Each structure stands twice: as structure tokens, then as C-alpha cells.
Amino acid sequence: MTLPRKWPVNPGILRKLKKSISPSEGEKYLVNRNPCNLEFMSIASKPEGYKLDKPGRKFWNKITLVQSGKHVTAQMIHFEKGPVIEVSTKEWAIKKQLYKTSDTSAYYNLARVFAQRCLESGFCEMACNMKPKEGGKVDLFLKTIIDGGIFLREPSTIHPVIMNRYVGQKQKPYELKKIN
Amino acid sequence: MQNMSSLIKLNYQVSTCSQLYKSFVRYYIRGKPPGIAKTLSQRLAMENREDPELSTRIDIGFPAPRPSRSTELKQRLEHLKKHRNDSNLEKLARNNTLNIDLDEVKKDWLATAGPLHIRKIAERYDIYGLFGKYAYFTPRLALDIKFKQSDDTYFPVYYGNRLKPSDAVNPPTVNFNHEFNVHGLDSKGKSFFTLVLTNPDGHFTQENKEYIHWMVGNIRDGDLLKGDTVVPFLQPFPAQGTGYQRYIFIMYKHDKELNFEEEKVKESNNLEMRTFSTYDFYRKYQDEMTPAGLSFFQADWDDSLTDFYHNVLNMKEPVYDYDYPEAILKKEKAFPLRQPFNLYLDRYNDPKEVNKRFLEEELAKTHPFDGPEPPFRFPNAQYLAANIPSWRKTEIRKARQKLGRINEIKKI
């Protein structure tokens, strides 16, 4: 277990930080190095602290549309890592079969491809901060995404229950039956 | 700027309607004032900035195929021109009934931008961490891997899709273009392929090692049966509570037959023999082979694994729980001023001892045969003796309202 330390820290505090994240002596532990695992288990924390700002900051992955006059690009953006999945009408594979790269039909087909690629990459849920006009292209895009199997709402983080020094769990993440 | 900071340092009195209640609010700003101070995003960017010289990775895979751009462009523009003049297509698009063929999109994507996109997803899943900190490759060779379910249906493996271990019990069918050759590079004679399936996330004893689930070496003509099974196939077995573990297929290409005697695993169900390190493996064969194809899936625990652990691996089934970081406390004082003594002491006592105390209190109220006492209909309306100290009263009230620690004792 390593701590990302870039600034000078009081050694006593550093010792306590290290102790808090290292496993207790004699206990068997397993390290799962999959960076997406904690998010899929709803244990990872979302970017907090922006309650007084304009909403839309609290997510793990969010879906964005970059619309230009000629093309449209759908992106799934991670809050730290940036765009992970990018599907665009600029791609030859999609452009080849479309009539126009910016009409309603393009948005619809882009959504189908985007949903397929997200599911193939293991991302089934993502936040959506877009509130489109009813009956418009973006509205159709989002509806098609949902039809494609993506859920546009992320589960909330399961915070541990901390009472004095005892750190417990209200609910085991892998026993989650419903998304909150 | 300095004037602004001194202005904010004023204390200002806030008085309510009555002169009797004069309250003072001292507001001192810590650090630089807003507008000058860095935002959280700026600060995080500063802290997480990486030296590009230290963090750049080296490409150990194949380069991009470079078709003649002019001919390709000419063909594409002709194609698009035809489309623009196609009245049927225009009608379909106008009525929004145009459904593009997703299979064809997939095929074209894999031939053009696919490898780069898959690399980006692989970076998100830290697949290249298998090769240490300094290497990566773009998967130019498309792998078509399918676990058979029945005659018609199968579970495909893409780049991160979620499967259950019961779907992947038998070895999958693997199809790929065995004539894969990067434009301009000579493949002297025949080329061989080696497929390796590893799990870097589930090792029970060593932190930085993987378990190797399958290895087929020296594959000829794209037929896995013609290759040597160096490591026999073993199904995924992600332990309960560990979440999603990655199972990564990497296809290496090499010119001559390689001898994988050292990598051979004789006892299929011995997990220690299956301990593997892609970094060491690739380091050994880096002069002969190049990674060409990549495909991976994620799996989490399944009911069927209990029998697998008992019968196949001959071990007790491990069940894990996420180890949240401990709460960090100040150094314990002998004379803590203005602290409720019972809460202060409980903070520093062994959590198990404290929970034992709560459990004993619960059990004292539980009849061994009749069970626990029936809950009060109006818990806050019950009699509470006057001579009980206040801290004890709070504890009793909380217990009656089922607040706090009582809800946690059954879980330990």
C-alpha cells in the first residue's frame, strides 16, 4: 500500500495515515488492483465538497455530447481520468453509413453505437447532467441510450459507519440488490 | 490585493434585536482570499502533476498500418458523394427510420479507430500495469473470443464486459486473423501466436502477482488446437466480497517456435504453481515476441464457486470484506479537558471490548427460552430514575430508541 505523498507531512501524522490504510497484523487480505472495482461496488467516493457550487460535479462517470455544426460526439467522462469512451460521427465506421452527420438520424444511430460500446466495456451506469428539450435530438439520443441498456443514474457511495474508532458497514456493497 | 486581505480580517459584531444577546462573530480567513487562492481543481492538478520524462510509456506493440491516405480519401469521398445523392437514404434519414448496421460498424471500427479506442479503455482499467510502469501496446490484432453457452448462444469477451464465472467454465473459442501482418513489415516465413489469460486481481498470498488461467503457445494457422497447451484452462474464481476482477487475454506474435518448458504447469488445480507475472514473462521473451491482441472481461462472485472451491481447489471458500481505513485519532491524553469521559474512553478502547459491553447489556435483557423483551410502544415515555447520572441516561435513551452501536453489535 503506498500513499501519494507530494508535500512535506508531519511524520507522526504520516505514520497514522499509513497505519490506518494497512491491514491489521495477522489478517489475511487480498488486493484487487482493478481501478474500476471500487466504483462498481459503490465504495469509491465521489468528488465531494461542491455543495455550494452549481450542481453536476458529483459523479464517477458522466455522459456528454459535444455538438458542432457538422458532427456530434458522445463521450463518457470519468471525473479524474477524463474521457474514457468517445464515439463520434467523425469516425469513418459511422460516417460511412449515415446520410448526414448532424441530423436526428445521426443522433439516434450514434446513441445505438455508444450504448453498445459502453456495455462492451463494462460500464452500465453513468450520470447524465443534460436536461434536453422534449422531443429534440438530444432527448432522442438519451432515450435511445436507455433503450440500449445504459442506466442514467449512478448509485450513491456506501459510506462506512464510524462510531468512535469502530468503522462498520451499513450494507455490504456486494449484497446490493437495488440501485439507490 | 493586500488591502483586500486586511479588510476581511475585521471582527464584526452581529447583534440581534435584544441588547441582552450580543454575539460576536470573529471571521478570520485562513490562507489567501478567494479569487487569489487556488481552486480545488487547480490545487489537485498541482499535486498530481507528473513529470512527463518519468511517466511516458514505451510502445512495445505493433505500429499502425499505414494505407495510402490519398487513395483512401478518394474512395471515401466518392462513397460520401454517392450517399448524398441517394434519395432513398435521404428519405430514411428524414423520417428517422435509418438504422445503421451495427455489425458493419464494428467491423470497420476494428479496422480503423478501434485499436486506439480499446487502448484508451485498457488504460482506464490499468491493463498496461501488467507490464510495469513503462510499457504499453496498441492492440492492432482483433480477437474474437466467445464462451459457448449452448448451440446458438455464447458469452463474448470484449474489452471489460461483465461476466459470471459460471459462464466461463469451459475454454472459449478464439478467432483471429492469423495472417495479421503490419503493412511494410516482413514476416519471415510463418508466424506463430501465443495466447495468455491472466487474472492480476485475485492473488490470495502475493500482492503483485497474477494467476495464470490459460496459456496456449505456438499457435499455427489460427487454430488453438494446433498449439501447445502450456497451462490448462481453469475457470475464473473471484472470491466473494472482492468485487470485479479482470481476466485479460493477451495474444503475442512471434516468428519462430518458442520453448515454454519453464512456464508449464503440471498440477492444474495448484494455485501456487499458477502464480505468474506478465512482466517477468514478457521480459524473458521480449526479443522474440510482440503483444498484438488484447481482450478482457470482468467477473465477480457467483453461487457456483462454493462447490468449485471445495471440490476443485480443495480449500475453504474465502469470504472478504472491504477494509475501510481506520478512523485517525489524536494522541490519547491522561486528563482530557471538556470531553465526555465515557465517549472519550470508548474511542481509544478496543472496539471489540466496547461492542462486547453492548452485547452483554442486550443479552441481560434476553430470556434464554422466551427470547428478547417486547419493544416499548412509546420508548421515550418510559420511566427513567432521577438518581441516574446524565451520561447513563443518554445511553439508556439511545438504547430504547435503537440508535447507535446497538445496530452494529450483531454484525461482529
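Each value, and the rule that gives it
- Residues numbered from 1 in each chain as written.
- Chains lettered and ligands numbered in written order.
- Predicted model: local features only at pLDDT ≥ 70, side-chain atom pairs only at ≥ 80, totals over all residues.
- Heavy atoms only, no water.
- Contact = heavy atoms within 4.5 Å.
- Buried area = accessible area lost by both parts, 1.4 Å probe.
- Salt bridge = Lys/Arg side-chain N within 4 Å of Asp/Glu carboxyl O.
- Polar contact = N/O pair within 3.5 Å; in protein donor to acceptor, adjacent residues only side chain to side chain.
- Helix = DSSP H or I, 4+ residues; strand = E, 2+ residues; numbered from the N terminus.
- Nonpolar A, V, L, I, M, F, W, Y, C, P; charged D, E, K, R; others polar.
- Buried < 20%, exposed > 50% of the residue type's maximum accessible area, 1.4 Å probe, protein only.
- Pairing = 2+ DSSP bridges.
- Axes fitted to C-alpha atoms, helices over the stretch in contact; angles between N-to-C directions.
- Parallel < 35°, antiparallel > 145°, perpendicular 65-115°, else oblique.
- Left-handed = near helix turned anticlockwise from the far one by under 90°.

Draft legend 1. Structural context of the interface of chain A and chain B. Contacts between the two partners involve 72 residues from chain A and, on the opposite side, 79 residues from chain B. Buried surface at the junction of chain A and chain B, summed over both partners, amounts to about 7000 Å²; 54% is from carbon and sulfur atoms. For the pair chain A and chain B, the interface holds 5 salt bridges. Across the salt bridge formed by A:Glu86 and B:Lys120, the nearest N and O atoms sit 4.0 Å from each other. There are 29 residue pairs in polar contact (both at pLDDT 80 or more) connecting chain A and chain B. Put simply, the parts of the chain that give the side of chain A that touches chain B at least two residues each are helix H1 (11-21), helix H2 (37-40), strand E3 (82-88), helix H3 (92-95), helix H4 (104-120), strand E5 (161-163) and strand E6 (166-168) of chain A. Here the side of chain A that touches chain B gets 10 residues from one element, more than from any other, and that element is H4(A). Residue composition of the side of chain A that touches chain B, by class: 37 nonpolar, 16 polar and 19 charged.

Draft legend 2. Highlighting the pattern of salt bridges. Scanning the model with the defined rule gives 25 salt bridges over all chains in all. A salt bridge links B:Lys284 to B:Glu262; the nearest nitrogen and oxygen atoms lie 2.8 Å apart. Linking B:Lys284 in helix H8 (residues 278-285) with B:Glu262 in the loop between strand E12 (245-254) and strand E13 (275-276), this pair joins segments that are 22 residues apart in sequence. Overall, the relative accessible area of 68% leaves B:Glu262 in the exposed class. Residues joined by salt bridges that share partners form a network here, namely A:Lys96, B:Glu104 and B:Asp108.

Draft legend 3. The arrangement of the sheet that holds E3(A) in detail. Residue and element names in this part refer to chain A. What the 4 strands build is an open sheet, ordered E3-E2-E1-E4; its pairing is mixed. Two strands bound the open sheet, and with one partner strand each, they are E3 and strand E4 (127-128). As paired elements, strand E1 (residues 61-67) and E4 share 2 bridges and run parallel to each other. Its bridge partner being in E4, Lys62 is matched across the sheet by Ala127. With respect to the sheet, H4 is in contact with E1, strand E2 (72-78) and E3, its orientation differing from that of E3 by roughly 135°. Sheet strands in contact with helix H5 (residues 137-147) are E1, E2 and E4, and its direction is about 145° off that of E1.

Draft legend 4. Spotlight on the packing of H4(A) against H5(A). Residue and element names in this part refer to chain A. Relative to each other, H4 and H5 sit at 25°, their axes nearing to 8 Å. Accordingly, the angle class assigned to the pair H4 and H5 is roughly parallel. The two elements H4 and H5 meet at a crossing, and its hand is right-handed. Together, Thr104, Tyr107, Tyr108, Leu110, Ala111, Arg112, Phe114 and Ala115 of H4 and Lys137, Val138, Leu140, Phe141, Thr144 and Ile145 of H5 make up the contact between the two elements. By residue class, the composition of the contact of H4 with H5 is 10 nonpolar, 2 polar and 2 charged.

Draft legend 5. A look at unusual backbone geometry. Residue A:Ser42 is not a glycine yet carries a positive backbone phi of 60°. Summarising the element assignment, A:Ser42 is placed in the loop between H2 and E1. Here the phi dihedral of B:Asn218 falls at roughly 55°; this positive angle occurs in a residue that is not glycine. We classify B:Asn218 as buried; its relative accessible area is 1%.

Draft legend 6. Broad picture of the sheet that holds strand E8 (residues 173-175) of chain B. All names here are of chain B. What the 3 strands build is an open sheet, ordered E6-E5-E8; its pairing is antiparallel. Looking along the sheet, the strands with just one partner apiece sit at the ends: strand E6 (154-157) and E8. On average, each strand axis in the sheet is tilted by 25° relative to the strand beside it, whichever way the strands run. Two strands pair when backbone bridges link them, and strand E5 (residues 144-148) and E8 are joined in this way by 3 bridges, in the antiparallel orientation. Note on E8: the bridge partner recorded for Ile145 is Val174.

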